[in-house]
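Inside the fold
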Amino acid sequence: MQDADDARDDDSVALPQAAGGAEPTKDERDAARWEACEEGIETLREGDATAAIAILEAVAKADPSNPYAFHFLGAAHYEREAWDKALAGYLQALQLSPQYLGARVGAGQTLRMMGHADRAIRMGKMALMLRRDDPDALFLLGLCYYQLGERKPAYGFLQRFLATGPEAEVRLEVEGLLNLIRGEVFPGSDDGDERDDD
């Protein structure tokens, strides 16, 4: 998806020839790998993770050096809450393309869902080393620290995330978490109950 600039160039897989029969450039190989995944990506976006998995597995089998195929396999398994398979897909994408920011954040979110917030934090920090203010990495880190009960770093990362201008639904969710951290809202309290101050 993003930042797969250093995907390995395994020419053993048949990719389109460049104009004039020359070997394809790195950019042409990358574009061909992305194009090979488009049907699976679209199927995933339409909400059919099972069909997307079948399509993307075929792409990965045809070109085992395609980091996009493994990244989106991870995403499809994540949608099905198959955490081990999701993590395996993301990690394979990172093996092929260590700078693949989307795969790094996906692996971090998967680790968080598996209850490994400490490992997810490492992934998030590595993602921020690739792109200092990446919104997805900031969100990941804020959620991880919140999950661990570490309010100060959670608050800082979530504030930085809000500064990136997320979409309204996510912004409201994060503002709610920040209110909880500040103690302005208490989980389980009913705003309709009147308090007896006597």
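Let me begin by describing the structure that accompanies this report. Since the structure is predicted, the reported quantities are computational estimates derived from the model, not experimental observations. (Residues numbered from 1 in each chain as written. Predicted model: local features only at pLDDT ≥ 70, side-chain atom pairs only at ≥ 80, totals over all residues. Heavy atoms only, no water.)

1. What about unusual backbone geometry?
Short version of the rule: Per the convention used, a helix needs a DSSP run of H or I reaching at least four residues, while a strand needs a run of E reaching at least two, with both numbered from the N terminus. Under the scheme applied here, a residue whose accessible area is under 20% of the maximum for its type counts as buried, over 50% as exposed, and between as partly exposed, the area being computed with a 1.4 Å probe on protein chains only.
Phi is positive for Glu 81, close to 60°, though the residue is something other than glycine. Here Glu 81 is to be found in the loop between helix 3 (67-79) and helix 4 (83-96). When its relative accessible area of 56% is taken as the criterion, Glu 81 is described as exposed.

2. Focus on the nonpolar core
Convention followed: Here, nonpolar core means buried Ala, Val, Leu, Ile, Met, Phe, Trp, Tyr and Cys residues that are tied together by side-chain atoms lying within 4.5 Å of each other. Two residues form a contact once any of their heavy atoms are found within 4.5 Å.
Of all hydrophobic cores here, the largest spans 51 residues; its most connected members are Cys 37, Leu 44, Phe 72, Tyr 100, Leu 158 and Val 174. Of the residues forming this core, the biggest block, 8 residues, is contributed by helix 7 (residues 135-147). Other than its neighbours up to four places away in sequence, Leu 158 contacts Phe 139, Gly 142, Leu 143, Val 174, Leu 177, Leu 178 and Ile 181.

3. Describing the environment of Phe 157
Positionally, Phe 157 belongs in helix 8 (residues 151-162). Each C-alpha atom of the pair Phe 157 and Ala 137 lies 9.0 Å from the other, and the pair is 20 residues apart in sequence. Excluding its chain neighbours within four sequence positions, the residues that come into contact with Phe 157 are Leu 128, Leu 138, Leu 141, Gly 142 and Tyr 145.

4. Digging into the packing of aromatic side chains
For clarity, the cut-off: The aromatic pairing rule takes the rings of Phe, Tyr and Trp, using the six-membered ring of Trp, and pairs them if the centres are within 6.5 Å, calling planes under 30 degrees apart stacked, those over 60 edge-to-face and the rest tilted.
Counted according to the given criterion, the structure contains 6 aromatic pairs. Each ring, one from Tyr 78 and one from Trp 83, has its centre 5.0 Å from the other, and the planes form 70°; the classification is edge-to-face. Residue classification places Trp 83 among the buried positions, given a relative accessible area of 19%. The structure contains a cluster of three or more aromatic residues connected by ring pairs, namely Trp 34, Tyr 68, Phe 72 and Tyr 100.

5. Concerning helix 7
Cut-off, in case you're wondering: In a helix, the anticipated span is given by 1.5 Å times the number of residues less one. Think of a polar contact as two N or O atoms within 3.5 Å of one another; within protein, one of them needs to be a possible hydrogen donor and the other a possible acceptor, and neighboring residues in sequence only count if both atoms come from side chains.
Under the 1.5 Å per step criterion, the end-to-end length of helix 7 is 18 Å for 13 residues, consistent within 8% with the ideal 18 Å. On its buried side, helix 7 packs onto helix 5 (101-113), helix 6 (117-130), helix 8 and helix 9 (168-182). Two or three places before Asp 136, at the opening of helix 7, Asp 134 has a side-chain oxygen 3.2 Å from that residue's backbone nitrogen. Phi turns positive one or two residues past the end of helix 7, at Gly 149, with a value near 80°.

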